[in-house]
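These are the residues of each chain, in order.
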Amino acid sequence: MKHKNGQLEHLTFKDNSTVELKAIYARPDFEEHCKIPETLGCEFTEQGHIKVDMFQKTSEEGVFAIGDSTTPFRSVANAISAGNIAGAVLNNAMIEEEFRL
Ligand SMILES: Cc1cc2nc3c(=O)[nH]c(=O)nc-3n(C[C@H](O)[C@H](O)[C@H](O)COP(=O)(O)OP(=O)(O)OC[C@H]3O[C@@H](n4cnc5c(N)ncnc54)[C@H](O)[C@@H]3O)c2cc1C
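The shown structure was predicted, so the numbers you read here are calculated from the model rather than taken from an experiment.

What counts, and at which threshold
Residues numbered from 1 in each chain as written. Predicted model: local features only at pLDDT ≥ 70, side-chain atom pairs only at ≥ 80, totals over all residues. Heavy atoms only, no water. Pairing = 2+ DSSP bridges. Helix = DSSP H or I, 4+ residues; strand = E, 2+ residues; numbered from the N terminus. Axes fitted to C-alpha atoms, helices over the stretch in contact; angles between N-to-C directions. Patch = residues over 30% accessible without salt bridge, like charges linked within 9 Å, V, L, I, M, F, W, Y side chains within 5 Å. Areas by Shrake-Rupley, 256 points an atom, 1.4 Å probe, with all protein chains shown as cover. Salt bridge = Lys/Arg side-chain N within 4 Å of Asp/Glu carboxyl O. Buried < 20%, exposed > 50% of the residue type's maximum accessible area, 1.4 Å probe, protein only. Polar contact = N/O pair within 3.5 Å; in protein donor to acceptor, adjacent residues only side chain to side chain. Near = heavy atom within 4 Å. Nonpolar A, V, L, I, M, F, W, Y, C, P; charged D, E, K, R; others polar.

*Asks:* Please explain the sheet that holds strand β3 (residues 18–20) as it appears in this structure.
*Replies:* Strand pairs in the sheet, formed through backbone hydrogen bonds, run parallel or antiparallel to each other. Taken together, the three strands give an open sheet; going across it, the order is β1-β2-β3, and neighbouring strands pair in antiparallel fashion. Edge positions in the sheet fall to β1 (2–4) and β3, since each has one partner strand and no second. Strand after strand, the sheet turns through a mean of 25° between neighbouring axes, direction not considered. With three bridges joining them, strand β2 (residues 7–12) and β3 adopt antiparallel strand pairing.

*Asks:* Mind showing me how you'd approach a nonpolar patch on the surface here?
*Replies:* A cluster of nonpolar side chains, namely Met54, Phe55 and Ile85, defines an oily patch on the protein surface of about 300 Å² accessible area. Mapped onto the elements of the fold, Met54 is located in the loop between α1 (36–40) and α2 (76–96). For Met54, a relative accessible area of 65% corresponds to the exposed category.

*Asks:* Would you explain the environment of Asp53 in this entry?
*Replies:* By secondary structure assignment, the location of Asp53 is in the loop between α1 and α2. Residue class for Asp53 comes out partly exposed when judged on its relative accessible area of 35%. In sequence terms Asp53 and Ala77 are 24 residues apart; their C-alpha atoms lie 18 Å from each other. Among the polar contacts listed, one links the side chain of Asp53 to the backbone nitrogen of Phe55, at a separation of 2.7 Å.

*Asks:* Would you take a moment to explain the site of the ligand for this structure?
*Replies:* As a matter of local geometry, the ligand sits amid His33, Cys34, Ile36, Gly67, Asp68, Arg74, Ser75, Val76 and Ala79. Contact distances for the ligand include 2.8 Å between an oxygen atom and a backbone N or O atom of Val76. Burial of the ligand by the surrounding chains reaches 28%, relative to a free accessible area of 1000 Å². When its residues are assigned to classes, the shell around the ligand shows four nonpolar, three polar and two charged.

*Asks:* Whenever I open this one, the pattern of salt bridges confuses me. Can you help?
*Replies:* If the charged atoms of two oppositely charged side chains come close together, the side chains can form a pair. Using the criterion set out here, one finds three salt bridges in the structure. One salt bridge in this structure joins Glu31 and Lys35, with 3.7 Å as the shortest N-O distance. Judged by its relative accessible area of 62%, Glu31 falls in the exposed class. Classification of Lys35 by relative accessible area gives partly exposed; the value is 40%. Taking the shortest distance from any N to any O, the salt bridge between Lys35 and Glu38 comes out at 3.9 Å. Linked through salt bridges whose partners overlap, the residues forming this network are Glu31, Lys35 and Glu38.

Following this line, the structure appears as structure tokens:
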């Protein structure tokens, strides 16, 4: 791949033939850059997202995940929706929890 200041100019193939291009689309693998979920022991999907159930619970007790780290459907609306669910489920868990004074 030949570029000028990051602007693609052309591709060169193994046989040295070239094709001029102005843009190229790629789908790189998704990788969670933050290592905290992995350190906590959370399971990941084959696509590299943190595995969650319908209540945004991860495989680790007490650990929730939402948003882009959990789904290929990346949008603000989706992240807010998942956060809303996680918040409600967490709130319920705390209400149900027995506290000792
Ligand atoms: C260029 C671009 C354009 C987009 N346009 C749209 C659009 O038009 N409409 C739409 O709905 N969506 C759009 N999206 C997608 C949308 O931005 C995301 O889906 C949404 O922001 C996901 O929210 P999130 O809270 O999951 O993650 P993020 O918004 O990425 O928030 C995660 C936060 O966690 C912080 N963080 C990460 N690791 C750590 C750590 N170890 N400690 C502390 N903080 C940490 C990050 O700094 C970041 O602030 C766009 C995305 C991009 C990149």
